[in-house]
Amino acid sequence: MPLSEHEQRMLKEIESALYADDPKFASSVRKTGAAGVRRPTGLVVGLGVLGLALLIGGLALDVKPGGFPVLSLIGFLTMFAAGVLALRSPSGSTVVGAKKSGGPRLPGSGRASSSGSGDGRSYSTRMEDRFRRRFEQEP
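Residues numbered from 1 in each chain as written. Predicted model: local features only at pLDDT ≥ 70, side-chain atom pairs only at ≥ 80, totals over all residues. Heavy atoms only, no water.

## Details of the side chain of serine 72
By the element assignment, serine 72 lies in helix H4 (residues 70–88). Among the residues examined, serine 72 registers a relative accessible area of 6% and is labelled buried. (Helix = DSSP H or I, 4+ residues; strand = E, 2+ residues; numbered from the N terminus. Buried < 20%, exposed > 50% of the residue type's maximum accessible area, 1.4 Å probe, protein only.)

Shown next, in the form of structure tokens:
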């Protein structure tokens, strides 16, 4: 989901303030910003396609030493490796400092601002607190 114009302006203001406050940190973030966040998409897709081809090819061909489709096993392991690589690599949409659960909220931004959840706690922590309060109130 793309950022609105207001959010983009706020992000640029935060970036410029960061560059002004700590130029050393800003230059290190700038160096690793785009290249260090990318997922090796070509490699993941290539391994997935190769694994699928080996899996289907091993079933289609009658190459089964000892009655076991070794080529299909290699294909499965290749696809599994592609999946692991995709999950362990950082996603392309990650931005340094993008998680702002406790950041300032704009007035009238919905139920979240009126429910008092802008204190920086995670969703699961808030749910656990609500659960505990519910049982503390009952006799």
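## Observations regarding the packing of aromatic side chains
What the rule picks out here adds up to two aromatic pairs. Taken together, a centroid distance of 4.7 Å and an interplanar angle of 65° make the contact between phenylalanine 131 and phenylalanine 135 edge-to-face. Remark: phenylalanine 135 and phenylalanine 131 occur in helix H6 (residues 123–137); sequence separation between them is four residues, near one turn of the helix. Under the relative-accessibility criterion, phenylalanine 135 is labelled partly exposed at 48%. (Phe/Tyr/Trp six-rings, centres within 6.5 Å; stacked < 30°, edge-to-face > 60°.)

## Observations concerning the pattern of salt bridges
Where charged atoms from two side chains of opposite charge approach closely, those side chains can pair. Summed over the entire model, instances satisfying the criterion amount to three salt bridges. Here arginine 132 ties to glutamate 128 by a salt bridge, and the two come within 3.9 Å at their closest N and O atoms. In this pair, arginine 132 and glutamate 128 both sit in helix H6, four residues apart, roughly one turn of the helix. Beyond isolated ion pairs, a larger network of salt bridges with shared partners links Arg121, Glu128, Asp129 and Arg132. (Salt bridge = Lys/Arg side-chain N within 4 Å of Asp/Glu carboxyl O.)

## A word on a nonpolar patch on the surface
The grouping of Phe68, Val70, Leu73, Ile74, Phe76, Leu77, Phe80 and Val84 at the surface amounts to a nonpolar patch, some 700 Å² of accessible area in total. Locating phenylalanine 76 in the fold gives a position in helix H4. Judged by relative accessible area, which is 45%, phenylalanine 76 ranks as partly exposed. (Patch = residues over 30% accessible without salt bridge, like charges linked within 9 Å, V, L, I, M, F, W, Y side chains within 5 Å. Areas by Shrake-Rupley, 256 points an atom, 1.4 Å probe, with all protein chains shown as cover.)

## Section: the environment of threonine 78
You can see threonine 78 is positioned in helix H4. In the structure, threonine 78 is positioned 27 residues away from glycine 51 in sequence and 4.8 Å away in space, judged by C-alpha atoms. Discounting residues that sit within four places of it in the chain, threonine 78 has contacts with Leu47, Leu50, Gly51 and Leu54. (Contact = heavy atoms within 4.5 Å.)

## Quick word on the packing of helix H3 (residues 41–60) against H4
Relative orientation of the contacting elements H3 and H4 amounts to 160°, with a least axis distance of 7 Å. For the element pair H3 / H4, the angle class is roughly antiparallel. Here the hand of the crossing between H3 and H4 comes out left-handed. Here Leu43, Val44, Leu47, Gly48, Leu50, Gly51, Leu52, Leu54, Leu55, Gly57, Gly58 and Leu59 of H3 come into contact with H4, specifically with Leu71, Ser72, Ile74, Gly75, Phe76, Thr78, Met79, Ala82, Leu85 and Ala86. (Axes fitted to C-alpha atoms, helices over the stretch in contact; angles between N-to-C directions. Parallel < 35°, antiparallel > 145°, perpendicular 65-115°, else oblique. Left-handed = near helix turned anticlockwise from the far one by under 90°.)

## Some details on the confidence of the model for the protein
For the protein, the average pLDDT comes to 75, and 70% of its residues sit at 70 or higher. Here residues 93–117 scores under 50 on pLDDT; set against residues more than four positions off or in separate chains, the count is 16 contacts. (pLDDT = per-residue confidence, 0-100.)

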